[in-house]
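One-letter residues, chain by chain:
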Amino acid sequence: MNRRQFLGGATALGATSVLSRPALAQSDARTLHFVPESNLATPDPVWNVTPVTRNHGMMVWDMLYGLDANFEPQPQMAAGHELSDDRLTWRFTLRDGLFWHDGEPVRPADCIASIVRWSKRRPLGQRLLALAEEMRPLDDRRFEIRLKRPFAQLTRAFSEYCFMMPERIAKTDAFSRIDEYVGSGPYRFEAKEWVSGARAVYTRFDKYQPRKEAPSFMAGGKQVHFDRVVWHVMPDPATAAAALQSGEVDWVQQPQFDLLPMLRGSRGVKVAVNDKVGVTGMLALNQLYPPFDNAKLRRAVLSAVDQKEFVAAAVGDDPSMSRVPVGVFPPGMPMASDAGLEALTAPRDLARSRKLVAESGYRGEPVLVMGAVDSPVTQAFAQVVADLFQKLGLNVDYVSMDLGTLVQRRANKAPPDKGGWNAFTTTYEGLSISDPGNNIALRGNGPDAWFGWPTSQPLEDLREQWFDATDEAGRRRVAAEIQRTAFQEVPFIPLGQLFYPTGFRSNVEDILPAAFPVFWNVRKS
């Protein structure tokens, strides 16, 4: 029995148990029943930067600025800002009608404390802290940030999930978890009903005043049409699909690719690809130890990577689910370009790549490749990597483990034979790697860099040039040079772009096209 047949059978069995119960989700138009991509393990979106916690954060907390559908920052909690002629002083004004869930008004002091805490955990925020001379309230609605040097990306930085919290909560150390979840967003988090591994519950905040503009991704008016949103954690994809078929839930964020044909043929179910940014597959290479401390070997591996093979292994041959070629920035984002892309698009010649491996000085060292058995996409990537390495003549040691173990082990800087590793695959949301400021996989700052810990002064210097650029054209020129340099330094190897589908009942309407699920505008007919 092949994998698709097995999953189909599992779904049929799951459907029997679910269909024996009433379709409660469909009987209540004021409650949305949703299955998230994974468990909400911790509700602090600053301490925990996983996508599921970010999605939770977007419901509960609001931001000063949010990206619109064109990925441009627009005022959200802010009414707007003024920038001094020397570009060193920013003055922000909060819009009217902002209240915390406990009824208290939002103050500039709250915003400043929130910015400081967020800045300690985000790349663009760390840049802000390094440049900030002073942040201070001016009155009940305005605050000021004075800089040592211009920072043209400030409002874009604020739209990178810089959630505003009351000052008493925002003063929590950035590396400790908060234990109070008071926001000013369109939904309250009902912490007393939260059961990690089972469910999370949100209720409509009746004092929330949406902006007047039409909704546009994270910007515009966040009109809420549900009194309650209930997240049901269902780790088994077949169970989630069966619940969607039966009407027990309204929306499954990320159905497994193997189950899509069955869901598309199910009465009352729709499948759509709303995310136009997608995720980028990545191959991380540990550059602290042989053999991938050798740039020549990294370039030899890059010369053999065929992105089409990786995306086909992960999602099949449906063209709506993937895209190649993909450079170091996601296609469709402002910093994406074809600079140096011939490193991935030139005809693949395995014999030539094997020769490059031999010429690199590779001495037959073992190459430990980690694969996650409970992550179908990244496991498929890892299996293609292991096969490719073997074809190149590398001495492969493929190690399977669960995703949680892989996540822990990838942070281990010990040698591979002492608990470390040589290679693993992962995916990163397109918005999180969209430019040189937030793409942590492009850092070349050695022990402080992303997993694999590459050291590359050229990449670090170019990153500084990107920050110093005063206009979009200048930033794009530098980003193109960063991509060319990355294909020489090889801090990581992009494996292609994937677009995850979403599944929902046919009476769920007006889901905003977005890179992740948002719970405003959507309604049930």
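Since the model is a prediction, treat every value here as computed from it, not as a measurement.

The rules behind these values
Residues numbered from 1 in each chain as written. Predicted model: local features only at pLDDT ≥ 70, side-chain atom pairs only at ≥ 80, totals over all residues. Heavy atoms only, no water. Helix = DSSP H or I, 4+ residues; strand = E, 2+ residues; numbered from the N terminus. Rg over C-alpha atoms; globule rule 2.2 N^0.38 Å. Buried < 20%, exposed > 50% of the residue type's maximum accessible area, 1.4 Å probe, protein only. Contact = heavy atoms within 4.5 Å. Areas by Shrake-Rupley, 256 points an atom, 1.4 Å probe, with all protein chains shown as cover. Lys, Arg positive; Asp, Glu negative; His and termini not counted. Charge placed at Lys NZ, Arg CZ, Asp CG, Glu CD. Pairing = 2+ DSSP bridges. Axes fitted to C-alpha atoms, helices over the stretch in contact; angles between N-to-C directions. Parallel < 35°, antiparallel > 145°, perpendicular 65-115°, else oblique. Nonpolar A, V, L, I, M, F, W, Y, C, P; charged D, E, K, R; others polar. Phe/Tyr/Trp six-rings, centres within 6.5 Å; stacked < 30°, edge-to-face > 60°. Lys NZ or Arg CZ within 6 Å of the ring centre and 35° of its normal. Polar contact = N/O pair within 3.5 Å; in protein donor to acceptor, adjacent residues only side chain to side chain.

Q: Tell me about the overall build of the protein chain, and please be specific about residues and values.
A: Each helix and strand counted, the protein chain has 16 helices and 21 strands in total. The C-alpha atoms of the protein chain give a radius of gyration of 24 Å, which matches the 24 Å a tight globule of 525 residues would have. When burial is assessed residue by residue, the protein chain has 57% of its 525 residues classed as buried. By sequence separation, contacts in the protein chain at least 24 residues apart represent 73% of the contacts at least 6 residues apart. When the accessible surface of the protein chain is totalled, it reaches about 21500 Å², and 49% of it is carbon and sulfur. For the protein chain, the distance from the average position of its 61 positive side-chain charges to the average position of its 61 negative side-chain charges is 1 Å.

Q: I'd love a proper account of the pairing of strand β6 (residues 132-137), names of residues and values included.
A: Bridging between β6 and strand β7 (residues 142-147) involves 5 bridges; their strand directions are antiparallel. Bridge pairing in β7 places A132 opposite L147. Between β6 and β7, which pair antiparallel in sequence order, lie 4 residues.

Q: Please set out the sheet that holds strand β10 (residues 228-232) residue by residue, giving values where relevant.
A: An order of β8-β9-β10-β1-β11-β19-β12 is seen for the 7 strands of this open sheet, with the pairing classed as mixed. The open sheet has two edge strands, β8 (187-189) and β12 (269-272), and neither has a second partner. Of the pairings in the sheet, the one linking β8 to strand β9 (residues 199-204) comprises 3 bridges and is antiparallel in character. Following the sheet pairing, F189 is matched in β9 by Y202. Contacts from helix α2 (residues 51-60) reach β8, β9 and β10, with the element oriented near 170 degrees to β10. The sheet strands contacting helix α7 (residues 237-246) are β1 (31-35), β11 (251-252), β12 and β19 (502-505), and the helix crosses β19 at an angle near 30 degrees.

Q: Mind laying out the pairing of β7, listing which residues take part and the relevant values?
A: Strand direction decides the pairing type here: strand β5 (residues 89-94) and β7, joined by 5 bridges, are antiparallel. Paired with T89 across the strands is R146, a residue of β7.

Q: Account for the packing of helix α3 (residues 108-119) against helix α4 (residues 123-131), with residues named and values stated.
A: Running from N to C, α3 and α4 point in directions that differ by 115 degrees, and their axes come no closer than 7 Å. It follows that α3 is roughly perpendicular to α4 by the angle criterion. Residues I115, V116, W118 and S119 of α3 lie in contact with α4, whose contacting residues are L124, G125, Q126, L128 and L129. Of the residues that constitute the contact of α3 with α4, the class distribution is 6 nonpolar, 3 polar and no charged.

Q: Describe the packing of aromatic side chains, and please don't skip the residues or the numbers.
A: Two numbers describe a pair of aromatic rings. These are the distance of the centres and the angle of the planes. Tallied over the full model, the rule gives 30 aromatic pairs. Each ring, one from F451 and one from W453, has its centre 6.4 Å from the other, and the planes form 80 degrees; the classification is edge-to-face. Look at W453 and you get buried, because its relative accessible area is 4%. Its end group placed over the ring of F516, R54 keeps NZ or CZ at 3.9 Å from the ring centre.

Q: A description of the side chain of Q287 should follow, citing residues and the corresponding values.
A: Note that Q287 resides in the loop between β13 (279-285) and α9 (295-304). A relative accessible area of 12% means that Q287 is categorised as buried. Engagement of the side chain of Q287 in a polar contact is seen with the backbone oxygen of V490, the distance being 3.1 Å. For Q287, the contacting residues outside a window of four places in its chain are F292, D293, R298, G452, W453, P454, V490 and P491.

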